[in-house]
Amino acid sequence: MKIGILTSGGDCPALNAVIRGFAKYAYNNIADVEIYGIADGYGGLINGEYKKMEPDDFSGILNVGGTILGTSRQPFKKMTVEENNSTKIEKMKRNYKKMGLDALLTLGGAGTHKSAALLSAEGLNIVGLPKTIDNDIFGTDVTFGFYSAVDVATECIDRVHTTAASHGRTMLVEIMGNKVGWLTLYAGVAGGADIILLPEIPFDTATVCRKVLERAEAGKAFSIIAIAEGALEKSEAGLKKKERAQKRGETGDVTATNRLAREINKRTGVDTRVVVPGHIQRGGSPSALDRALSTEVGAYAGFLCKERLFGTTVAIRGDKITHNKIEDIAGRTKWVPLDHPMIASARRIGVSFGDGL
Ligand code: F6P
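The shown structure was predicted, so the numbers you read here are calculated from the model rather than taken from an experiment.

Caption draft 1: Main features of the overall build of the protein chain. A count of helices and strands for the protein chain gives twelve helices and eleven strands. The globule rule puts the C-alpha radius of gyration for 357 residues at 21 Å, and the 22 Å found for the protein chain is close to it. For the protein chain, buried positions account for 54% of its 357 residues. Intrachain contacts of the protein chain at a sequence separation of at least 6 include 73% that bridge at least 24 residues. Summed over its atoms, the accessible surface of the protein chain is roughly 15600 Å², and 50% of this surface lies on carbon and sulfur atoms. Positive and negative side-chain charges of the protein chain, numbering 46 and 41 respectively, have mean locations separated by a distance of 2 Å.

Following this line, the structure appears as structure tokens:
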């Protein structure tokens, strides 16, 4: 059996752990298996850049961050656009056939899954694997990379905490997640943030300021705000993405964070600072939990190949590893539900979500 494997979209810790888990399963359980590493995500499949891998290629990578295969972003919207008499999807189909593949493993996030569903509909044998620090893939409780990013983002909040306390400042830590707030919610709670702002709960600036002042009046001169990259002020919630970007552009802002920091300073007089850990959250070694999870996910993808259960993507539900049909989950987003128990618990211990509840 010839199996191609690619990693697509933004990287994350644990991609290599998944690749290794899959390879070890495949070499041990699939007769005459050959694994082909495709370079730089869908880009490599489009351009026919790949190489036959050997068992040794998968050794010593369990705890190594990034991806040994390389990755790139290939926007889904452009997959079916004709360029020089051919679309990217057609090129990928041609190269899959030319390579003589029996299956293709696509490790990626939401965009990767949309393209994978398209390839599956075109007759390619696809097994998807849910990767992203954002944890927003529909149909799985968790994605690999998420727990490692939670650890890193929590460590950032911890470090900000001590300096905020020394200076009596309000510090805003902008956590990755341009659409969903899973990472901000978990890292915010784990880091003991006083205010947690998620894209799913548009915030009211006055409410945030009130919380900062209440803390100051209660003798806590500092406040920690964990704010998602995609957090929205209530007044922005009704705007289309383009309109929002235009409005923010007028003040030179891309996210809501800097504007909120300025407003807090103006309205409360409290000194504010913004910290953006950015891609640090995607770099470095996967956590122990992510390594274990990813080994399981990779091995299960091997099992799906062996059983020829294609057009699927691996999922984790409770303590079970399972799979979904790729067409059932592609294009859907797993938002943080407003009644999520973590939100309810945080509210009960006095965390504000900036909505006045
Ligand atoms: O999807 C993962 C993610 O890290 C998001 O949280 C973030 O908004 C985006 O990727 C950043 O993308 P890039 O690496 O292309 O800057």
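Caption draft 2: Region of the structure containing the pattern of salt bridges. On inspection of all chains with the given rule, the structure shows 13 salt bridges. Taking the shortest distance from any N to any O, the salt bridge between Lys-52 and Glu-54 comes out at 3.5 Å. Here the salt bridges do not stand alone but share partners, grouping Arg-169, Asp-271 and Arg-273 into one network.

Caption draft 3: Examining the nonpolar core more closely. Counting 63 residues, the largest nonpolar core has Leu-105, Phe-144 and Cys-305 as its most contacted members. Here this core gathers at least three residues from each of two domains, domain 1 (2-145 + 286-329) and domain 2 (150-282). Discounting residues that sit within four places of it in the chain, Leu-105 has contacts with Ile-3, Gly-4, Ile-5, Leu-6, Phe-22, Val-127, Leu-129, Ala-301 and Cys-305. One finds Leu-6, Met-99, Leu-104 and Leu-124 within the second-largest nonpolar core, a separate group that totals 20 residues.

Caption draft 4: Representation of the site of the ligand in the model. Inspection of the region around the ligand gives Arg-73, Ile-133, Asp-134, Met-176, Gly-177, Asn-178, Glu-229, His-279 and Arg-282 as its neighbouring residues. Between the ligand and Gly-177 there is a distance of 3.1 Å, counted from an oxygen atom to a backbone nitrogen or oxygen. Separating an oxygen atom of the ligand from a side-chain N or O atom of Glu-229 is a distance of 2.8 Å. Residue classes in the shell around the ligand are distributed as two nonpolar, three polar and four charged. Both domain 1 (2-145 + 286-329) and domain 2 (150-282) contribute no fewer than three residues apiece to the shell around the ligand.

Caption draft 5: Quick peek at the domain arrangement of the protein chain. Segmentation of the protein chain into domains returns domain 1 (2-145 + 286-329) and domain 2 (150-282). If you average the C-alpha positions of domain 1 and of domain 2, the two centres end up 34 Å apart. Contact residues are listed per partner, giving ten residues for domain 1 and nine residues for domain 2. Across the domain 1 to domain 2 interface the summed buried area is about 780 Å²; carbon plus sulfur atoms make up 51%. By the criterion of area lost to domain 2, the three top residues of domain 1 are Asp-11, Ile-133 and Asp-134, representing 55% of everything that side buries. Taken together, domain 1 and domain 2 are joined by one salt bridge.

Calculation rules
- Residues numbered from 1 in each chain as written.
- Predicted model: local features only at pLDDT ≥ 70, side-chain atom pairs only at ≥ 80, totals over all residues.
- Heavy atoms only, no water.
- Helix = DSSP H or I, 4+ residues; strand = E, 2+ residues; numbered from the N terminus.
- Rg over C-alpha atoms; globule rule 2.2 N^0.38 Å.
- Buried < 20%, exposed > 50% of the residue type's maximum accessible area, 1.4 Å probe, protein only.
- Contact = heavy atoms within 4.5 Å.
- Areas by Shrake-Rupley, 256 points an atom, 1.4 Å probe, with all protein chains shown as cover.
- Lys, Arg positive; Asp, Glu negative; His and termini not counted.
- Charge placed at Lys NZ, Arg CZ, Asp CG, Glu CD.
- Salt bridge = Lys/Arg side-chain N within 4 Å of Asp/Glu carboxyl O.
- Core = buried A, V, L, I, M, F, W, Y, C linked by side-chain atoms within 4.5 Å.
- Domains from an automatic or database assignment.
- Near = heavy atom within 4 Å.
- Polar contact = N/O pair within 3.5 Å; in protein donor to acceptor, adjacent residues only side chain to side chain.
- Nonpolar A, V, L, I, M, F, W, Y, C, P; charged D, E, K, R; others polar.
- Buried area = accessible area lost by both parts, 1.4 Å probe.

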